[in-house]
Amino acid sequence: QQRELEDMVFLPIAAALGCLTPEDMELGVAVIDMGRSTTGLAVFKDMRILGSHCFEWGGYHITRDVAAGLHISFEEADELVLEYGISDAFIQSELDEDSPPIAALAPADKTTQIKLKTAVPGAQTIVNRAILDEIIFERAKELMVKIRQFLNTKDLMRNLVRGVVLTGGSSVIKNYVALGEAIFRTPCRVGYPGGIEGLPPLLQTPEYSAVVGLIVHGLYYRQAA
């Protein structure tokens, strides 16, 4: 049976429809849809879209930096990023203007050694966790700072009464919300899919916010039609 395309939705807006509440959209909020290769942004207030953008980078860029810095496979780099996340000590340094440079910080777990499984021949197979922490933090911070710069350039930061919502697959990286609060200086939270009754548990995770948003939009579209 032949089917026709009835409508299209910009992915960051779909993610917002999937995880925001009406109160969020009314009072003012920014949604950051953190994918693997792209990151989408949508800002809402008074039930209107004030701005949106798509950045050509995502969680993969953190993985790539870890793989390059430790000389390991992308798969193992993914595992390390998800296991260790973003360093608490480095995030605290971002909050404290009088803190020493990153290179001078001494994370609480500085003596922890990580044994690598896929290091290339000739490379170290055991590394200090502090090295991994610095790589993850620096790239994750860079991505958040770019979004903050965009919001400031467009004069959108003042509209974020409900703060920033991080959703998408990369939002599950440990401490990304804390880093967001340090960078944006506003409350942040992870956005989970909602608005549909009986949603299977498998789909109640941040990476499915955009998918659920497309369904929500489709229901609204059919009602309006």
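Before any of the text, the structure's been laid out above.
Worth saying up front: this structure is predicted, and the values here are computed from it rather than measured.

### A few points about the packing of aromatic side chains
Where two aromatic rings form a pair, the distance of their centres and the angle of their planes describe that pair. One pass over the structure, following the stated rule, counts 4 aromatic pairs. With a centroid separation of 5.7 Å and an interplanar angle of 65°, the aromatic rings of tyrosine 60 and phenylalanine 74 are classed as edge-to-face. Remark: phenylalanine 74 occurs in helix α4 (residues 74-84) and tyrosine 60 occurs in helix α3 (residues 59-70); sequence separation between them is 14 residues. Of the residues examined, tyrosine 60 reaches a relative accessible area of 25% and is grouped as partly exposed. Taken together, the ring pairs in this structure connect Phe55, Trp57 and Phe150 into an aromatic cluster.

### Concerning helix α6 (residues 129-153)
Taking 1.5 Å per residue as the helical rise, α6 with its 25 residues ought to reach 36 Å, and the 36 Å between its terminal C-alpha atoms agrees with that figure. Capping the start of α6 is the job of one residue whose side-chain oxygen sits 2.8 Å from the backbone nitrogen of alanine 130: asparagine 128. Trailing α6 by a residue or two, aspartate 155 shows a phi angle of about 55°, which is positive.

### A look at a nonpolar patch on the surface
The grouping of Val211, Ile215 and Leu219 at the surface amounts to a nonpolar patch, some 250 Å² of accessible area in total. With respect to the helices, strands and loops of the structure, valine 211 is situated in helix α8 (residues 209-224).

### Focus: the sheet that holds strand β3 (residues 48-55)
Spatially, 5 strands are ordered β3-β2-β1-β6-β7 in an open sheet, and the strand pairing comes out mixed. In this open sheet, the two strands that pair with only one neighbour each are β3 and β7 (188-190). Between one strand axis and the next, the sheet turns through 20° on average, direction left out of account. In the sheet, strand β1 (residues 29-34) pairs with strand β2 (residues 39-45) via 6 bridges, with the strands oriented antiparallel.

### Some thoughts on the environment of alanine 224
As for its position among the elements, alanine 224 is in helix α8. Separated by 78 residues in the primary sequence, alanine 224 and lysine 146 place their C-alpha atoms 37 Å from one another.

### Some thoughts on the pairing of β2
Among the 7 residues in β2, 6 count as buried, and that is most of the element. Two successive antiparallel strands, β1 and β2, enclose a turn made up of 4 residues. Note that β2 and β3 share 7 bridges and pair antiparallel. Note on β3: the bridge partner recorded for lysine 45 is arginine 48. Once β2 ends, the chain turns through 2 residues before running back antiparallel as β3, passing aspartate 46 with a positive phi of about 55°.

### A short note on the pattern of salt bridges
Pairing is possible between side chains that carry opposite charge, provided their charged atoms lie close to one another. Tallied over the full model, the rule gives 11 salt bridges. We note a salt bridge from aspartate 65 to arginine 139, for which the minimum N-O separation is 2.7 Å. On the criterion of sequence distance, the pair formed by aspartate 65 in helix α3 and arginine 139 in helix α6 is long-range, its members being 74 residues apart. Aspartate 65 sits in the partly exposed class, given a relative accessible area of 23%. Here glutamate 79 and lysine 117 are joined by a salt bridge, their closest N and O atoms 3.0 Å apart. Within this pair, whereas glutamate 79 is found in helix α4, its partner lysine 117 is found in the loop between β4 (113-115) and β5 (126-128), the two being separated by 38 residues in sequence. Given a relative accessible area of 36%, glutamate 79 falls into the partly exposed group. The class of lysine 117 is exposed, set by a relative accessible area of 62%.

### With respect to empty space enclosed by the protein
All told, the structure shown has 1 cavity of 30 Å³ or more when counted by the stated rule. In this model, the largest cavity occupies a volume close to 50 Å³. Every residue lining the largest cavity is listed: Met34, Gly35, Thr39, Trp57, Gly58, Gly59, Ile62, Leu143, Met144, Ser170 and Tyr176. When residues of the lining of the largest cavity are traced back to their parent elements, those giving at least two are α3 and α6. Here the residues of the lining of the largest cavity are counted per class, giving 6 nonpolar, 5 polar and no charged.

What counts, and at which threshold
- Residues numbered from 1 in each chain as written.
- Predicted model: local features only at pLDDT ≥ 70, side-chain atom pairs only at ≥ 80, totals over all residues.
- Heavy atoms only, no water.
- Phe/Tyr/Trp six-rings, centres within 6.5 Å; stacked < 30°, edge-to-face > 60°.
- Helix = DSSP H or I, 4+ residues; strand = E, 2+ residues; numbered from the N terminus.
- Buried < 20%, exposed > 50% of the residue type's maximum accessible area, 1.4 Å probe, protein only.
- Expected span 1.5 Å × (residues − 1).
- Polar contact = N/O pair within 3.5 Å; in protein donor to acceptor, adjacent residues only side chain to side chain.
- Patch = residues over 30% accessible without salt bridge, like charges linked within 9 Å, V, L, I, M, F, W, Y side chains within 5 Å.
- Areas by Shrake-Rupley, 256 points an atom, 1.4 Å probe, with all protein chains shown as cover.
- Salt bridge = Lys/Arg side-chain N within 4 Å of Asp/Glu carboxyl O.
- Pairing = 2+ DSSP bridges.
- Axes fitted to C-alpha atoms, helices over the stretch in contact; angles between N-to-C directions.
- 1 Å grid on protein atoms, 1.4 Å probe; cavity = no way out; pocket = protein on both sides within 12 Å on 5 of 7 lines; lining within 4 Å.
- Points joined across faces, edges and corners; volume = space filled by probe spheres on them.
- Nonpolar A, V, L, I, M, F, W, Y, C, P; charged D, E, K, R; others polar.

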